[in-house]
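Summary of structural features
Here is how the chains run, residue by residue.
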Amino acid sequence: MADNLPSEFDVVVIGTGLPESIIAAACARSGQRVLHVDSRNYYGGNWASFSFSGLLSWIKENQQKTDICDECEDWTKLILENEEVISLSKKDKTIQHVEDFCFGDQDSAEDVEEAGALPKLPVFGASGAEEAAQESEKECPPSESALLEAESQEPAKATGTEPAAAAEGKDAEITSENESSHSMALGESTLELGKTEVAPSEISAQEPKKITYSQIVREGRRFNIDLVSKLLYSRGLLIDLLIKSNVSRYAEFKNATRILAFREGKIEQVPCSRADVFNSRQLTMVEKRMLMKFLTFCLDYEQHPDEYQDYESSTFAQFLRTQKLTPSLQHFILHSIAMVSETDCSTLEGLQATKKFLQCLGRYGNTPFLFPLYGQGEIPQCFCRMCAVFGGIYCLRHSVQCLVVDTESGRCKAIVDHFGQRISANYFIVEDSYLSENVCRNVCYRQISRAVLITDQSVLNTDSEQQVSILTVPPVDLGRPAVCIIELCSSTMTCMKDTYLVHLTCPSTKTAREDLEPVVQKLFNLNTEKETENEELEKPRVLWAVYFNMRDSSGIDKSSYDGLPSNVYVCSGPDSALGNDCAVKQAETIFQEMFPAEEFCPPPPNPEDIIYDEDEIAPEESGFDNSPETKPEPSSEESSSGDSSAVKKEDNEE
């Protein structure tokens, strides 16, 4: 199928990251013929989520950096005399310095197979992590997470590395029994909280179970691990777009339950809402009044310019010192509410960040943030599904050799794929990592340092184990970046029961390990059980960790790229910010440049308003097969305990 595509489209999109997927969905929704391809065998690019074995394969692939051979060698014959080509890169150079470590018991990891996986063929000369990684290369049905992978592609040959996907015509429903924190599904205009009950106190009182590496491998298909570390602001651009376009029906969300602060070597919970402030035992009555007065001012600071005009040229930290705030309140506001740099953030930027935080409070929970169940990698797939519903064609493992440019007009006319097929289009969207070194030679990229840890307990234990926490660790030395930490519990479907998934992120100054390991050593125990000292016993123990640097291509002007035609648009990878506003703004800007008269991702038509021909049977959703797919199944312990939410699907197939 993929080697016999139609030869003409309106828009060709190369790469399935978040901005590309949003653009593809918007174009398909406005009636354009869309071809969406990716040379990878999974959706999302650097925005993707993986099963544990899929992540091991990704690590191995990026450590080896193997060459990709061309399937078609004579594609140059398709280029005419008045045309020239812009070759695309065959290697993904956006990931560097990948280092993974296992601190858990590995004794029995060699022969472990994932729960729910197909029987494994014998692999000679492989063991341990390599063998676990090779499990992802066998043929197995992709997993489902309230989101449908585009079925117009061929059946996946290596879907173990693909993020979770949902089956056609099946809506996911949260049935979180005995769960102490809320899960939710985005509706047309609101989020609906799942039914919850308080978990039995006996569960939280139990000692942490010993988790081995083999257990993580075995349960690896039941959870997804993100490459990026982001949360969704409840009144951010992405949430608004999900609701407006009704793409939200393909995903489910859980609200972040607490904001933490690291001060004087201790982790504390930050009171955010009015109720939190007045219920807090950390603050004195005077501090509570100070904090409420300042936060009330921040909500409408534009109406009181005389309060901050004299400090516009100062940093936000300097402005806070002039207010009637104690040092602890200044720390909370700077690092946990505004979440801005102590040295680089101006007063206005700090006030804007604080106001944004406060405006997002209370919409879906007591914090401003939401997290998608099964990981951030679900969001690009949600938009891919919308695109496919409106007729978009999807091809994974489908690389593009070059862009074909007409020398007279200077516009791009077509692409040539690895099958040697020439495909024409009016507009071309290319993800930055596909551009060659020649095109990017004048581009100055930044880097993001990332670490992903699997730990055996939370950084701040409370009565409830199911907490989604965000913590900012300020730098020891001024001028260095703060480290943003997001800790996820098992009910987010990103880690197995009795473990936590911890993401650490900061702008790079060195390699990811050099940037982040000092913070990891402060907060976690990296020793094996036998080597653990008494003072380390209280810290969460790291079972497994990976460090890597990711390219930050956001904020680069199109003119920085050499020789790109006017109808070729470049999408950036993930940025270092906590939210997703950059990707949404970029997608909307590019779409409006291509189609200024069209609305960006309008609401879908009401099915009741669609008029079909008398002889035509109304299709359930065009553009998809009804091929059943399997979803990562929660273990029997998870679905019956109070620690996680089980996601059940309903068959709506006709």
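That block above? That's the structure.
What comes next concerns the included structure. These figures come from a predicted structure and were not determined experimentally.

Helix 11 (residues 347-360) packs onto helix 8 (residues 285-299) with a crossing angle of 100° between their chain directions and a minimal axis gap of 8 Å. In terms of their interaxial angle, helix 8 and helix 11 are classed as roughly perpendicular. Two secondary-structure elements touch here, helix 8 through Leu295, Phe297, Cys298 and Leu299 and helix 11 through Leu351, Thr354, Lys355, Leu358 and Gln359. Of the residues that constitute the contact of helix 8 with helix 11, the class distribution is six nonpolar, two polar and one charged.

Right, let's talk about helix 8 for a bit. For helix 8, which comprises 15 residues, the first-to-last C-alpha distance of 21 Å matches the rise-based estimate of 21 Å (1.5 Å per residue) to within 8%. When we look at burial in helix 8, the residues that qualify are Glu287, Lys288, Leu291, Met292, Phe294, Leu295, Phe297 and Cys298.

It is worth spelling out helix 2 (residues 52-64) at this point. Compared with the 18 Å implied by 1.5 Å per residue over 13 residues, the 18 Å span of helix 2 between its first and last C-alpha is a close match. Along helix 2, the residues that are buried comprise Phe52, Ser53, Gly54, Leu55, Leu56, Ser57, Trp58, Ile59 and Asn62.

As summarised here, the arrangement of the four strands in space is 4-16-17-18, forming an open sheet in which the pairing is antiparallel. Of all strands in the sheet, those with a lone pairing partner are strand 4 (83-87) and strand 18 (422-424), marking the two edges. Averaged over all pairs of adjacent strands, the angle between their axes in this sheet comes to 30°, without regard to strand direction.

Attention now moves to the packing of aromatic side chains. Remark: the centre distance and the inter-plane angle together describe each pair of aromatic rings, the angle taken between the planes. Inspection of the entire model under this criterion finds 18 aromatic pairs. Seen from their ring centres, Trp58 and Phe548 are 5.2 Å apart, and the 70° between their planes marks the pair as edge-to-face. Taken together, the residues Trp58 in helix 2 and Phe548 in strand 24 (residues 542-552) connect sequence positions 490 residues apart. Each member of the pair, Trp58 as well as Phe548, carries the same accessibility label: buried. Site record: aromatic cluster; members linked through ring pairs are Phe294, Phe297, Tyr311, Phe316 and Phe319. Taking the ring centre of Tyr233 as reference, the NZ or CZ of Lys356 above it sits at 4.2 Å. The ring of Tyr569 carries the charged tip of Lys558 above its face, separated from the ring centre by 4.5 Å.

Here we come to unusual backbone geometry. Positive phi outside glycine occurs at Met339, with the angle close to 55°. Following the sequence through the fold, Met339 ends up in the loop between helix 10 (327-337) and helix 11. By relative accessible area, which is 21% here, Met339 ends up partly exposed. At Met493, a residue that is not glycine, the phi angle is positive and equals roughly 65°. Relative to the helices and strands, Met493 resides in the loop between strand 22 (483-488) and strand 23 (500-507).

Rules used throughout
Residues numbered from 1 in each chain as written. Predicted model: local features only at pLDDT ≥ 70, side-chain atom pairs only at ≥ 80, totals over all residues. Heavy atoms only, no water. Axes fitted to C-alpha atoms, helices over the stretch in contact; angles between N-to-C directions. Helix = DSSP H or I, 4+ residues; strand = E, 2+ residues; numbered from the N terminus. Parallel < 35°, antiparallel > 145°, perpendicular 65-115°, else oblique. Contact = heavy atoms within 4.5 Å. Nonpolar A, V, L, I, M, F, W, Y, C, P; charged D, E, K, R; others polar. Expected span 1.5 Å × (residues − 1). Buried < 20%, exposed > 50% of the residue type's maximum accessible area, 1.4 Å probe, protein only. Pairing = 2+ DSSP bridges. Phe/Tyr/Trp six-rings, centres within 6.5 Å; stacked < 30°, edge-to-face > 60°. Lys NZ or Arg CZ within 6 Å of the ring centre and 35° of its normal.

The analysis is restricted to geometry; functional conclusions fall outside its scope.
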